[in-house]
Each structure stands twice: as C-alpha cells, then as structure tokens.
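Notes for the structure review
Given next are the chains, with one letter for each unit.
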Amino acid sequence: MNAMTPKLIVEGLSHHYPDEYTGVSVHALEDINLEIFEGELVSVVGPSGCGKSTLLNILAGLLPYSVGTASVDGNIIEGPGPDRGVVFQEHAILPWRTVAKNIGHGLEIRNFPQVEREARVRDFINLVGLTGFEDKYPHELSGGMKQRCQVARTLCADPVIMLMDEPFAAVDAQTRITLQEELSRIAIATKKTILFITHSVDEAAFLADRCFVFSARPGRIKKIVDINIPREERIWANMNSNAEFIRTRDEILRLVREEVSIATEE
Amino acid sequence: MQQKSKTPSLAWRLNKLLQINAMNLVILIVGVYFIWSITSSLIANPARYLPSPIAVALSSVDMLYKGLLPSYFSDTLVRLVVGSSIGLAAGIPFGLLLGINRTVADTFQPMMNFFQSVSGIAIFPIVVIWWGNSDTTVLVVILYTSFFPIAYTVLSGVREVPIRYIHAAKTLGASRYQIMKDVLLPGSMPHIATGSRLSIGFAWRAVIAGEMLAGREGLGWMIFTGQDADKTTEVILGMILIGVTWIVLDHFLLRPLEADTIERWGLVQR
C-alpha cells in the first residue's frame, strides 16, 4: 500500500447524544476531519469533556455515529473489529486469564493455530518487558504492568491501527514516563499506526508525530501541530534541551489553555 | 487492601478450621450434653417430652443396627443431590440467558418475583394434587426451591461483569458466543458459586419439608412419623442429623468451593 494513503480517514464527523440525566441533547463532536497515515503516532489533546474519548469510542466501533464517515483501510466503521485494537484507560485485561492467555486472546478468538499463537505471544511479552510474568494473573501485577499487558494484547492481535484512550492516566508519575518511552520504542519496533488520546500536554508532545488539539465542547479540531523530533531521540532525559519539544509543547499548552478558559467562562 | 498471592489449599483450611474450633466444639458439646441431661431428668415423662441424650444415642444405635438410619439418610441425601442438581442445571443457563438479553429479562422478571415470593411450602398442595404423595412431588418441590435463587444470582452476576471487559473482547473481534464463553461466563463464576451454595441450602430445607408432607422415607419422614408413633428419640435424632449434615456439607464442601472460585478468579481484592 502506498505510504501516502491514509490508514484512517474521518470526514465531517459530528456526534450528539442525550444527557443521561436530563435527556437534553449534548453536542459532543462538530465536523471532525482527520487523516492518519501508516506508521504515524498521532495524539489528540484537549480540555476534559471535549469529546476526545467519544471520538475514540466511535472509531473503536463501540459508539454508533450518525453524521459523517469514518473508515480504516477503506472500510467504513460499523462496529468493533480486530482491525482497530483498543488500549483502555482502566484495566481491561481479564482477571481470570493469565498474562499470556490475555495477550493471546485476540489470536485465540480468530482460531490461530496454538503453536504459532504461543510463539507470537512470547514475542510480544518480550517486547513489552513482561518476560517471567507469563503465568501471573492480573491481580498479581502492578498498574504499569497491567497496561503493558494491555498494549501487548492489542499489538499481538495485529490491528491496522492501535487506539489508546488515556492509557497511562491511572499510573504513577515515574511509571508513566517509563511507559511513554517504551511506547515510543515499541512504535519504532512495530511501525504500528497509533492514535493516542490524552489530557497531558507533555505526553501529547513527547509521543506524537502530529498533535490534534481539540476545542472545548463541541469538540472541533482547533489546530494540528507537527512535532519534528526523530523517534530515536525521544527520551525524557533529552527533552529539556530539545528546542523543538519545548516549542511544540508550549504551543499545544497555549492552545489547550485558551480552550480551558473558554470552557470555564461558560 | 491486602491480598494473599497464594490460594490456601483445602487441606490447610480444613486443618485450620478444626484447630480453632476443636476446643470450642468440645466445650459446646459437653455443655449441651449436661444441660440436656439435667433437664431431661427433672421433667415428668421424659420419654415423651425430652428423652435423655443417652436414650437418643441408644435409639440411633438401634436404628443403625436395623439399617433404617443409613437407608433414611441416603434417601434424603440422594433427593438433595438429584433435586438441586436439576435445579442448578436449569437455573444457571436461565440466569445467563436473562443476564445477556434485556428483553428476555424484562419479560421474565415479574414472573420471577412472583414465584420467589411463593415459597416451596406454598406450592406443596398443588404439587400433591398433581403427583400425589410420591418421590416426584418431593423432587419437584426441591427443584422449584433451588431454581430461583441460583437464577437470580447468576442474572446479577452477568450484569455485574464490567462493561470494559466486554468492550475489550469486542474490539479483539469476539463474536456473541465468544463473549459469552470468554467473558460473561467466567466473569460470573463467583456468583455462580455463591448462588449454588445458597440454592443447595434452600434445597436442604425443602427436602426435609417435602419428606414430612409427601414422603414415605427419609429423615423428614422419620421425624414426622416419630411424632405420631411416640418415638421422641427419633424426632430429636433426626433434627440433630439434619443440622449436623448441613454444617458438614457447608463447611467442608460448599464454602471452600465458593472461596476457591472467588479467589482463583482474582475478584477478591476489589
């Protein structure tokens, strides 16, 4: 496939939903247009309630949409499917399956031959650094390890695009920066196309090739910020002296804060 | 919350239970024995109203010798096992079905509430009218009694499986059947274990009640007929056996099974 053919295309996507308590229609997303190319890591950042998680749920096929189109590899999104892997914010690995069984679940669902499946599972366990924890149950893992397990499960199923919904929001600060560096390394190793939702400006700038800044509700794409830092250089120790990182981070921060102040004035 | 990384074995738990309770148990038995003996020796006509523990023990030896006790006891246990097995085998899938399908659940919920309020004893007359004083009657009542608690518990178990587990399976490409098999069924295992224990407990009461009203043998029948035949020793013996059997069954089989399931599924530390 041509490198310039987008993997994910969203055109004119809008979304309304009735408020759970009042029943009043909430305007969550307004005319979203975006393209994500093969091997790209794109982050979406915006104030809370801007609809970024709604967008991810729509792309994952977990939320029906009515206005606009969204497609992956030319296939219109009509429901959940293995072409779009999701890493959830909360621990969504199954507590009654071991680490290895969780990671191999996607292949198991598709009836992959066992020998092949186990070999692949081993590769991804090594990739995310869970070697030695294959037979542990999720409740025996730390928060960071649970998220590594989720990332491995998603990648092992080999989706066209990996959708990540604030995956590191619930882990402690130290673990968080380690996980960010590891995700960057995994992006190099797997060349996977990734959409990463976050409310952390630092995280958005550190990880992404391009950052989509969302406006306050209804969520619109306010600006796309290109971040031209070679992936190999993306290590936190280097970032304080990286002019491109500082410039893009400050720009994203300024854009987000404008929206936060609009949201609070309302 | 603290959590144990290793599940203690059944043997370990059994041992611990006995160690802790051994002393208390001895005190309890000795105490009951003395109070019972003294009361019995003070009243008029103890053979009719409260035979001494010795008299009850002698009667049990006599009944054992005649083979009546083992026969009654096994009759009752077989009824419990058969009745509650059928009840569970029907109730678990029914609860699962209700859990996954809201339309089915909404349709059946009022009916479930209705039948749960009509106790096993209350359906007895109609069942006797249909099947007479027979084994079938007793079985039907046990089945009825054990069915609703398990169905209800499984239904809530399925409902309580976190939606994110279902979403995760869906995004991995799972079909409805695979979600059922890989997520909803294992996710409701702890509820299935708890519900089974609950159901068997209800079934045990129903067996005794059933035998009293419609049986021709079994522990329930033994205590019921003992009342008419002026065999108070058998009435008391039967009551003791009913209680002790349940304690043994529950402590050594059902509770460990429940605890193991809940711990093994890793859902204990929430």
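Everything in this summary refers to the structure shown in the same document. Here the residue numbers are simple positions, counted from 1 along each chain's written sequence. The lettering of chains begins at A and the numbering of ligands begins at 1, in the order of writing. Per-residue local features of the predicted model are confined to residues with pLDDT of at least 70, and side-chain atom pairs are confined, for both listing and counting, to 80 or more; whole-chain, interface and lining totals are unaffected and use all residues. Derived side-chain values reflect all non-hydrogen atoms in the structure, with water molecules and hydrogen atoms excluded from consideration.

1. Thoughts on the sheet that holds strand E6 (residues 84-87) of chain A
Residue and element names in this part refer to chain A. Strands were regarded as paired on the criterion that DSSP finds at least two bridges between them. Only runs of H or I of at least four residues qualify as helices and only runs of E of at least two qualify as strands under DSSP, and these elements are numbered from the N terminus. Strands sit in the order E6-E7-E8-E3-E9-E10 across an open sheet of six strands; the sheet is mixed. Strands with a single pairing partner mark the edges of an open sheet, and in this sheet they are E6 and strand E10 (221-226). Ignoring strand direction, the axes of neighbouring strands in this sheet form an average angle of 20°. Summarising the sheet, strand E7 (residues 161-165) and strand E8 (residues 193-198) pair through five bridges and their orientation is parallel. A fitted line through C-alpha atoms represents every axis, and for helices the fit uses only the stretch in contact; the resulting angles, taken between N-to-C directions, go from 0 to 180 degrees.

2. A closer look at the packing of aromatic side chains
All names here are of chain B. The criterion for an aromatic pair is that two Phe, Tyr or Trp rings (for Trp, the six-membered ring) have centres within 6.5 Å, with stacked assigned to planes under 30 degrees apart, edge-to-face to planes over 60 apart and tilted to the rest. Summed over the entire model, instances satisfying the criterion amount to 14 aromatic pairs over all chains. Between Phe94 and Phe108, the aromatic rings sit 5.4 Å apart at their centres with planes inclined by 85°, giving edge-to-face as the arrangement. With Phe94 in helix H4 (residues 68-100) and Phe108 in helix H5 (residues 102-117), the pair connects residues that are 14 residues apart, well separated along the chain. Judged by centre distance (6.0 Å) and plane angle (90°), the ring pair of Trp130 and Trp131 falls under edge-to-face. Under the scheme applied here, a residue whose accessible area is under 20% of the maximum for its type counts as buried, over 50% as exposed, and between as partly exposed, the area being computed with a 1.4 Å probe on protein chains only. Residue class for Trp130 comes out exposed when judged on its relative accessible area of 56%. Accessibility expressed as a relative area gives 41% for Trp131, which makes it partly exposed. Among the aromatic residues, ring-to-ring pairing joins Phe94, Phe108, Phe114, Phe115, Tyr144, Phe147 and Phe148 into one connected group.

3. Brief notes about the interface of chain B and chain A
Residue contacts follow a heavy-atom distance rule, with two residues in contact if any of their heavy atoms lie within 4.5 Å. The interface of chain B with chain A comprises 21 residues on the first partner and 24 residues on the second. Here chain B and chain A share an interface that buries about 2000 Å² over both sides, 64% of which is from carbon and sulfur atoms. In what follows, salt bridge is the name for a side-chain nitrogen of Lys or Arg lying within 4 Å of a carboxyl oxygen of Asp or Glu. At the surface where chain B touches chain A, the tally comes to two salt bridges. Here Glu90(A) ties to Arg164(B) by a salt bridge, and the two come within 3.7 Å at their closest N and O atoms. Contacts described as polar in this section are N or O atom pairs within 3.5 Å, which, within protein, must combine one atom able to donate a hydrogen with one able to accept it, while residues neighboring in sequence count only if both atoms come from side chains. For the interface between chain B and chain A, the tally reads four residue pairs in polar contact (both at pLDDT 80 or more). When residues of the side of chain B that touches chain A are traced back to their parent elements, those giving at least two are helix H8 (163-171) and helix H9 (176-187) of chain B. Using a 1.4 Å probe, buried area is obtained as the accessible area two parts lose upon being combined, added over both of them.

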